[in-house]
Amino acid sequence: MRVLLLGHGSREHCMAEALKRNPETWLYSVMAHLNPGIKKLSEEFRLMKLSNFDELHLFAEQVKPDFAVIGPEAPLADGVVDYFGPMGIPSFGPTQELAKLETSKAFSRLLMKKYGIPGLPEFKVFTSLEGVQEYLEALGDFVIKPDGLTGGKGVKVFGEHLKDASDGLNYCREVLKTHPTVIVEEKLEGEEFSLQSIADGKTVLDTPPAQDHKRAFENDSGANTGGMGSYSCENHLLPFVTEEDVKQAHGITEKVMHALSRECGKPFVGVMYGGFMVTAKGLRLLEYNARFGDPETMNVLPIMENDFTEVVQAAIEQRLDEINLRFLEKATVCKYVVPAGYPNNPSVGERIEVDERGLARSGAHVYFGSVNEKDGGVYTTSSRAIAVLGIGEDLSDAERRAQAGVERISGKVFYRKDIGTSALVQKRIDHINSLKK
Ligand code: AMP
Ligand code: GLY
């Protein structure tokens, strides 16, 4: 099986490892930075911008892959799946139109509304400032979202980034200068979790829920990031997420998948990653992504018992109904090592020391992220550098392993020590309990 993989982050390193567990998978990779982990697993690789379809075309013609696996959202948004289709290369990943699930929050919100799918907050979509002030005042607590890919950084929340309706109005004005649409919605309070589901237009198969940590610093302080780390539990729930919550989240994703097929006339093949929130009023959907999460991929693929290449192939052939997706009953904790100054002023081009032998002894797994391999060393870029994963019998066992691993990495970098610790998890539980009172 010849597989073309797009992307160069820890998510893609982890996907590459999962694909390569099948001894018959031959991996061909395309990345913008030289990720040493992906390089090692690949028969061949090319360094190029993923948006350079001409170069991509040449490599794909040479490789003649059986299928392509698209890691990040940008190439999906650019329509790489539509591009590969006529070349006879099917993809694990949605077409540009279906990727609107992620690239347009207005599209997804309106789709759910049109099909009567539960889980929506109060919301309105605006293309001009008319009526915005009134709606902000009526909501009281609000959230403002530009309609487009913003790398998780465009969403502004009342009480955190915006102090009153007039601030909100100004932000909407600013957004409308660069985006055709802005979404204003009710501010929800609760605990977030990610449910990454593999879909083929007919069947939705869930991976275990995970929780990401957006804030740069310990105790959930500092700027929002792409995600500083995440965890999942051995019972495939989370301490604040019940079986019923997961069932409901699954039901929402399944309905959205069918609505997408009706709306776009084509099946969604790939990952539907729902960002859900458990609130006192019930389960709500914050957003969908049309790809695996980063870091949440590390919480699910390394413990998948199925052959991932076969799962991907089954999704492409719309045979997911034949797959019984199984995961080890293990907990996972992932801690991301990021450049000093990340996310606002990351120190780029700094050498990172990775004590490979110490890491091997720690039992932790390492997934290289946005780094560059040069002259036998690993150097930072402006984004998250190395994900370290602990897999254990329970959360504290997994956390201990991740921590032992992350301590073997040094340089002008930092990480959040508190991810997966019982103190932080207890804070989440206390938060939900205080809301449910
Ligand atoms: P999104 O890109 O829509 O997931 O939003 C980014 C982050 O903003 C989420 O992870 C939440 O922390 C926060 N957020 C988004 N929507 C809401 C909402 N309706 N209420 C409260 N927080 C939200
Ligand atoms: N963990 C956040 C994301 O993948 O978008």
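Below is a summary of the structure that appears in this document. Remember, predicted model here, so these are calculated numbers, not experimental data.

**What about the packing of helix α7 (residues 105-114) against helix α10 (residues 243-264)?**
Pairs of packed helices are described in terms of their axes, by the angle between the two and the distance that separates them.
Phase 1 of the analysis: Two numbers describe how α7 lies on α10: the axes approach to 10 Å, and their chain directions differ by 95°. Accordingly, the angle class assigned to the pair α7 and α10 is roughly perpendicular. Across from Phe107, Leu111, Met112 and Lys114 in α7, the residues of α10 making contact are Ile252, Val256, Ala259, Leu260, Glu263 and Cys264.
Phase 2 of the analysis: Among the residues making up the contact of α7 with α10, the classes are represented as 8 nonpolar, no polar and 2 charged.

**Some words on the site of ligand 1**
Phase 1 of the analysis: Taken together, Lys105, Val143, Lys145, Val155, Glu185, Glu186, Lys187, Leu188, Glu192, Lys214, Leu286 and Glu287 are the residues near ligand 1.
Phase 2 of the analysis: In this structure, an oxygen atom belonging to ligand 1 sits 2.9 Å away from a side-chain N or O atom of lysine 145.
Phase 3 of the analysis: Take glutamate 186: an N or O atom from its main chain is 2.9 Å from a nitrogen atom of ligand 1.
Phase 4 of the analysis: Bound to the protein, ligand 1 loses 88% of the 460 Å² it would expose on its own.
Phase 5 of the analysis: Of all the secondary-structure elements, those providing two or more residues to the shell around ligand 1 are β7 (142-146), β9 (182-186) and β17 (282-289).
Phase 6 of the analysis: Of the residues in the shell around ligand 1, the class split is 4 nonpolar, no polar and 8 charged.

**Things to note about the site of ligand 2**
Phase 1 of the analysis: Near ligand 2 you find Asp212, Lys214, Gly226, Tyr273, Asn289, Arg291, Gly293, Asp294, Pro295 and Glu296, and these make up its full shell.
Phase 2 of the analysis: Taking arginine 291, its side chain carries an N or O atom lying 2.9 Å from an oxygen atom of ligand 2.
Phase 3 of the analysis: Glutamate 296 has a polar side-chain atom sitting 2.7 Å from a nitrogen atom of ligand 2.
Phase 4 of the analysis: Taking 200 Å² as the accessible area of ligand 2 by itself, protein coverage stands at 89%.
Phase 5 of the analysis: Of the residues assigned to the shell around ligand 2, the class counts are 2 nonpolar, 3 polar and 5 charged.

**Quick look at the nonpolar core**
Phase 1 of the analysis: Ranked by internal contacts, the top residues of the largest apolar core, which has 81 residues, are Phe193 and Val256.
Phase 2 of the analysis: When sequence neighbours within four positions are dropped, the list of residues in contact with phenylalanine 193 reads Pro209, Ala210, Leu238, Phe240, Val241, Ala249, Gly274, Gly275, Phe276, Val278 and Leu283.
Phase 3 of the analysis: Counting residues in each nonpolar core, the second largest holds 19 residues, with Val63, Val80, Val81 and Ala99 among its members.

**Topic: helix α14 (residues 395-406)**
Helical periodicity: at 3.6 residues per turn, an α-helix aligns residues three or four positions apart in one direction.
Phase 1 of the analysis: Taking 1.5 Å of rise per residue, 12 residues should cover 16 Å, and α14 covers 16 Å from first to last C-alpha, within 8% of that figure.
Phase 2 of the analysis: Along α14, the residues that are buried comprise Leu395, Asp397, Ala398, Glu399, Ala402, Gln403, Gly405 and Val406.
Phase 3 of the analysis: Among the structural elements, β15 (229-232), β18 (331-339), α13 (356-362), β23 (386-392), β24 (409-411) and α15 (422-436) are those in contact with the buried residues of α14.

**Considerations on the sheet that holds β7**
Phase 1 of the analysis: Taken in spatial order, the 4 strands of this open sheet run β6-β9-β7-β8, and their pairing is antiparallel. Looking at which strands have only one partner, the edges of the open sheet turn out to be β6 (123-126) and β8 (156-157).
Phase 2 of the analysis: Packed on one face of the sheet, helix α8 (residues 132-139) meets β6, β7 and β9 and runs near 20° to β9.

**Focus: the pattern of salt bridges**
Phase 1 of the analysis: The final tally for this structure, using the stated rule, is 28 salt bridges.
Phase 2 of the analysis: Among the ionic pairs, lysine 266 bridges to glutamate 97, the shortest N-O distance being 3.6 Å. Placement of the pair is lysine 266 in the loop between α10 and β16 (270-279) and glutamate 97 in the loop between β5 (91-92) and α6 (100-103), with a sequence separation of 169 residues.
Phase 3 of the analysis: Under the relative-accessibility criterion, glutamate 97 is labelled partly exposed at 33%.

**Quick look at helix α9 (residues 165-178)**
Phase 1 of the analysis: With 14 residues, α9 ought to run about 20 Å at 1.5 Å a step, and its terminal C-alpha atoms sit 21 Å apart, in line with that.
Phase 2 of the analysis: Ala165, Gly168, Leu169, Tyr171, Cys172 and Val175 are the residues of α9 that are buried. Around the axis of α9, the buried residues are gathered within 165° of arc, so they sit on the same side. Seen from the buried face of α9, the exposed residues on the opposite side, beyond 90 degrees, are Lys177 and Thr178.
Phase 3 of the analysis: Tucked inside the fold, the buried residues of α9 contact α8, β7, β8 and β9.

Rules and cut-offs
- Residues numbered from 1 in each chain as written.
- Chains lettered and ligands numbered in written order.
- Predicted model: local features only at pLDDT ≥ 70, side-chain atom pairs only at ≥ 80, totals over all residues.
- Heavy atoms only, no water.
- Axes fitted to C-alpha atoms, helices over the stretch in contact; angles between N-to-C directions.
- Helix = DSSP H or I, 4+ residues; strand = E, 2+ residues; numbered from the N terminus.
- Parallel < 35°, antiparallel > 145°, perpendicular 65-115°, else oblique.
- Contact = heavy atoms within 4.5 Å.
- Nonpolar A, V, L, I, M, F, W, Y, C, P; charged D, E, K, R; others polar.
- Near = heavy atom within 4 Å.
- Polar contact = N/O pair within 3.5 Å; in protein donor to acceptor, adjacent residues only side chain to side chain.
- Areas by Shrake-Rupley, 256 points an atom, 1.4 Å probe, with all protein chains shown as cover.
- Core = buried A, V, L, I, M, F, W, Y, C linked by side-chain atoms within 4.5 Å.
- Buried < 20%, exposed > 50% of the residue type's maximum accessible area, 1.4 Å probe, protein only.
- Expected span 1.5 Å × (residues − 1).
- Pairing = 2+ DSSP bridges.
- Salt bridge = Lys/Arg side-chain N within 4 Å of Asp/Glu carboxyl O.
- Arc of directions from axis to C-beta.

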